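Structural overview for review
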Amino acid sequence: MNRKRTAVLISGRGSNLSALIAAASAPEFPAEIALVLSNREDAAGLAIAQKAGIATCAISHRNFDSREAFDRAIDAALREAKIDLVCEAGFMRIHSDWFPKAWEGKLLNIHPSLLPAFKGIHVQQQAIDAGVKISGCTVHFIVPELDSGPIIAQAAVPVLPNDTADTLAARILVEEHALYPAALRLVAEGKVRLEGGRAVFAAA
Ligand code: GAR
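To start, this report covers the structure provided alongside it. (Residues numbered from 1 in each chain as written. Predicted model: local features only at pLDDT ≥ 70, side-chain atom pairs only at ≥ 80, totals over all residues. Heavy atoms only, no water.)

1. With respect to the packing of aromatic side chains
Applying the stated criterion to the full structure yields three aromatic pairs. On the basis of an interplanar angle of 15 degrees and a centroid distance of 6.4 Å, the ring pair of Phe 70 and Phe 91 is categorised as stacked. Taken together, the residues span a long stretch of sequence, with Phe 70 in helix 3 (residues 67-80) and Phe 91 in the loop between strand 4 (85-88) and helix 4 (98-102) at a distance of 21 residues. Like Phe 70, the residue Phe 91 is buried in the burial classification. Geometry around Trp 98 places Arg 72 over its ring, the cationic atom sitting 4.1 Å from the centre. (Phe/Tyr/Trp six-rings, centres within 6.5 Å; stacked < 30°, edge-to-face > 60°. Helix = DSSP H or I, 4+ residues; strand = E, 2+ residues; numbered from the N terminus. Buried < 20%, exposed > 50% of the residue type's maximum accessible area, 1.4 Å probe, protein only. Lys NZ or Arg CZ within 6 Å of the ring centre and 35° of its normal.)

2. Thoughts on the packing of helix 5 (residues 123-130) against helix 6 (residues 165-188)
Two elements in contact, helix 5 and helix 6, have axes separated by 9 Å at closest approach and are oriented at 110 degrees. Judged by the angle between their axes, helix 5 and helix 6 are roughly perpendicular. Taken as a pair, helix 5 and helix 6 cross one another with a handedness that is right-handed. Of helix 6, the residues touching helix 5 (which contributes Gln 124, Gln 125, Ala 127 and Ile 128) are Ala 165, Leu 168, Ala 169 and Ile 172. Taken together, the residues of the contact of helix 5 with helix 6 sort by class into six nonpolar, two polar and no charged. (Axes fitted to C-alpha atoms, helices over the stretch in contact; angles between N-to-C directions. Parallel < 35°, antiparallel > 145°, perpendicular 65-115°, else oblique. Left-handed = near helix turned anticlockwise from the far one by under 90°. Contact = heavy atoms within 4.5 Å. Nonpolar A, V, L, I, M, F, W, Y, C, P; charged D, E, K, R; others polar.)

3. With respect to the pairing of strand 8 (residues 192-195)
Only one face of strand 8 is covered, namely the face carrying Val 192 and Leu 194; the face carrying Arg 193 and Glu 195 is uncovered. Where strand 8 and strand 9 (residues 198-201) come together, four bridges link them in antiparallel fashion. Its bridge partner lying in strand 9, Val 192 is registered against Phe 201. (Pairing = 2+ DSSP bridges.)

4. A look at the environment of Pro 112
With respect to the helices and strands, Pro 112 occurs in the loop between strand 5 (107-111) and helix 5. When sequence neighbours within four positions are dropped, the list of residues in contact with Pro 112 reads Val 123, Gln 124, Gly 136, Cys 137, Ile 172 and Glu 176.

5. Section: the site of the ligand
Within the structure, the ligand sits among Arg 13, Gly 14, Ser 15, Asn 16, Gly 90, Met 92, Ile 110, His 111, Pro 112, Leu 173 and Glu 176. Measuring from an oxygen atom of the ligand, one finds a side-chain N or O atom of Arg 13 at 2.5 Å. Summarising the interface, the protein chains cover 87% of the accessible area of the ligand, which totals 450 Å² for the free molecule. Those elements that provide at least two residues to the shell around the ligand are helix 1 (15-24), strand 5 and helix 6. Of the residues belonging to the shell around the ligand, the class tally is four nonpolar, five polar and two charged. (Near = heavy atom within 4 Å. Polar contact = N/O pair within 3.5 Å; in protein donor to acceptor, adjacent residues only side chain to side chain. Areas by Shrake-Rupley, 256 points an atom, 1.4 Å probe, with all protein chains shown as cover.)

6. Structural notes on the sheet that holds strand 4
Spatial ordering of the open sheet is given by 3-2-1-4-5-6-7, a layout of seven strands whose pairing is mixed. For this open sheet the edge positions go to strand 3 (55-58) and strand 7 (151-158), each flanked by a neighbour on one side alone. Across the sheet, the axes of successive neighbouring strands diverge by a mean angle of 20 degrees, strand direction being ignored. Direction of pairing for strand 4 relative to strand 5: parallel, over a ladder of three bridges. Looking at strand 5, one finds that Glu 88 is bridged to Asn 109. Across the face of the sheet, helix 6 comes into contact with strand 1 (4-10), strand 2 (31-38), strand 4, strand 5, strand 6 (134-141) and strand 7 while running at roughly 155 degrees to strand 7.

7. Describing helix 3
Between its terminal C-alpha atoms helix 3 stretches 20 Å, which fits the 20 Å expected from 14 residues at 1.5 Å a residue. Taken together, the buried positions of helix 3 are Phe 70, Asp 71, Ala 73, Ile 74, Asp 75, Ala 77 and Leu 78. Lining the buried residues of helix 3 we find strand 1, strand 2, strand 3, strand 4 and helix 4. One or two positions beyond helix 3, positive phi appears at Lys 82, with a value near 55 degrees. (Expected span 1.5 Å × (residues − 1).)

8. Structural notes on helix 5
Within helix 5, burial applies to Val 123, Gln 124 and Ala 127. Along the long axis of helix 5, the arc covered by the buried residues comes to 110 degrees, so they all point the same way. Packing partners of the buried residues in helix 5 comprise strand 5, strand 6 and helix 6. Gly 131 sits one or two residues past helix 5 and shows a positive phi near 75 degrees. (Arc of directions from axis to C-beta.)

By themselves, these are just geometric observations and shouldn't be taken as functional.
This is the structure we're talking about:
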């Protein structure tokens, strides 16, 4: 099997990274985690990757004077590692328009709301403030417009009356850890692809 060489981009904790590493440790999984890249040297997820024997790379956005210059440095690291697919997992930088175009159809993100509701940051608090009874998480292809790309997969959780942003985030995170590997599998197997601005699913 030709497993897709996959990079995971992180900025922090790396719990979704752990879920992806665990899924990809099964030999029949169609993607391997070949590189973990962070914009922060102190991201806890880098240690998770190193422990798993995965190559890591830290590139600080602070060393670049434009979003595109930073994105081009990430791109160079990804090309150097011969990466096929990229999963953003808590990567808290906004890209230049150039980057999602360069990686069109190969760039995924996980977001802790049911998009297109609640884009940006503090989205669990946004959901509570809006009074929605159901929230969840979304894996989508990344396009230049923030949190707006075609949806690959979603999972829903209830929003309970006494929820805080933290309790809701924890409930959503459990679903994220199952959803992201499932979505990566679909893309790596070619069962969903980005075409004409939509996520097109292969017939079952
Ligand atoms: C996750 O909840 C992820 O959905 C969210 O950051 C957290 C990262 O946790 N991403 C975003 O909000 C992106 N807009 P992790 O580092 O433990 O995977």
